[in-house]
Amino acid sequence: MKRTELTRLAILVVTLLVSLGCATTSISVNTVTVEELKNESQTVELGDAAQVKVIVKMGAGDLKIDKGADALMQADFTYNVAGWKPEVSYDVTDGTGRLTIRQPNAEQISMRSDARYKWKLAFNEEVLLDMRIEQGAGTGDVDLGDLNVTRLDVQLAAGDFALDLSGNRSLKNLELDMGAGNITLNLNGNWKENVNVDLQGGIGQTTLRLPKDIGVHVTVNKALGRINAGGLSQQGDAYVNEAYSKSDVTLEINIQAGVGQINLEVVD
């Protein structure tokens, strides 16, 4: 999504999101001073933590999360607004780490089309992670399939967001609160344990890619929108795949639909 389109979208939807109860933070629009583009890297070592709670909070920009860090996290930041210099903090208490990566003034969206803000975060594949992602407006490309994420909470306001969990073996709970934009959630994979998924729909299109050989049970509480459920059959007020009630593991998905379209796709 182009920056100018992103800004227009964010301004347009903020009031509506608040009225629908979809916005998780108060977002304001301002004019910032654009300076020379900066590229910075930062590494966070695990220390003696056995598990880590991660909070990622970005106001407006491009977010990418993936595997590949030898340490707990390797981050690359690109920005040209001095006041948005990312802040990283980490501490360990009683074996539990707490890592926060945040944008100062994260509630602000710039009117400047030449403002640049991009994070590329890589995490260690072996560390147990409890992760929360908050993004006000922008694009997200988040691949957690090979990471050891046990719980995930995602809060989105506006933009296009792709979340891939297709290789994950650890996830037990996922909460996704969507604002305005297009969301693609890949839940395909050979899950080893039951997973509970709660989705709060917003404005736009949401696509769920679902496994064929793992039981899937989707309950949709409709508001204003359309549901496409290819590859699933309707069972009462729910949609299920052929493996439901036959496999040892079940994806239990509850969707509170908003204003938009929900696509349920079974992946071969």
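So, here is what we can say about the structure in this document. (Residues numbered from 1 in each chain as written. Predicted model: local features only at pLDDT ≥ 70, side-chain atom pairs only at ≥ 80, totals over all residues. Heavy atoms only, no water.)

What follows is about the overall build of the chain. In terms of regular secondary structure, the chain is built from one helix and 20 strands. With 268 residues in all, the chain has 47% of them scored as buried. Within the chain, contacts between residues separated by at least 24 positions form 64% of all contacts whose residues are at least 6 apart in sequence. In the structure as shown, the chain presents an accessible area of about 12200 Å², 43% of it carried by carbon and sulfur atoms. (Helix = DSSP H or I, 4+ residues; strand = E, 2+ residues; numbered from the N terminus. Buried < 20%, exposed > 50% of the residue type's maximum accessible area, 1.4 Å probe, protein only. Contact = heavy atoms within 4.5 Å. Areas by Shrake-Rupley, 256 points an atom, 1.4 Å probe, with all protein chains shown as cover.)

Judged by which residues are buried, strand S13 (residues 195-200) turns out to be one-sided: Val195, Val197 and Leu199 face inward and are buried, whereas Asn196, Asp198 and Gln200, on the alternate face, are not. With five bridges connecting them, strand S11 (residues 173-177) and S13 associate as parallel partners. Paired with leucine 176 across the bridge in S13 is leucine 199. In this structure, S13 lies alongside strand S19 (residues 250-256), joined through six bridges in parallel fashion. In the sheet register, valine 197 faces S19, and the bridge partner there is isoleucine 253. (Pairing = 2+ DSSP bridges.)

Scanning the model with the defined rule gives 10 salt bridges in all. For the salt bridge of glutamate 87 with arginine 102, the shortest nitrogen-to-oxygen distance reads 2.8 Å. One end of the pair, glutamate 87, is in strand S5 (residues 87-93); the other, arginine 102, is in strand S6 (residues 96-102), and 15 residues separate them in sequence. One salt bridge connects arginine 132 with glutamate 134, and the closest N-O pair in it is separated by 2.6 Å. (Salt bridge = Lys/Arg side-chain N within 4 Å of Asp/Glu carboxyl O.)

Quick look at the packing of aromatic side chains now. What the rule picks out here adds up to three aromatic pairs. Ring plane angle 70° and centroid distance 5.3 Å describe the contact between tryptophan 84 and tyrosine 117, whose orientation is recorded as edge-to-face. Pair noted here: tryptophan 84 is in the loop between strand S4 (73-79) and S5 and tyrosine 117 is in strand S8 (residues 117-123), with a separation of 33 residues, a long-range link. For the pair shown, tryptophan 84 and tyrosine 117 are each scored as buried. Among the aromatic residues, ring-to-ring pairing joins Phe77, Trp84, Tyr117 and Trp119 into one connected group. (Phe/Tyr/Trp six-rings, centres within 6.5 Å; stacked < 30°, edge-to-face > 60°.)

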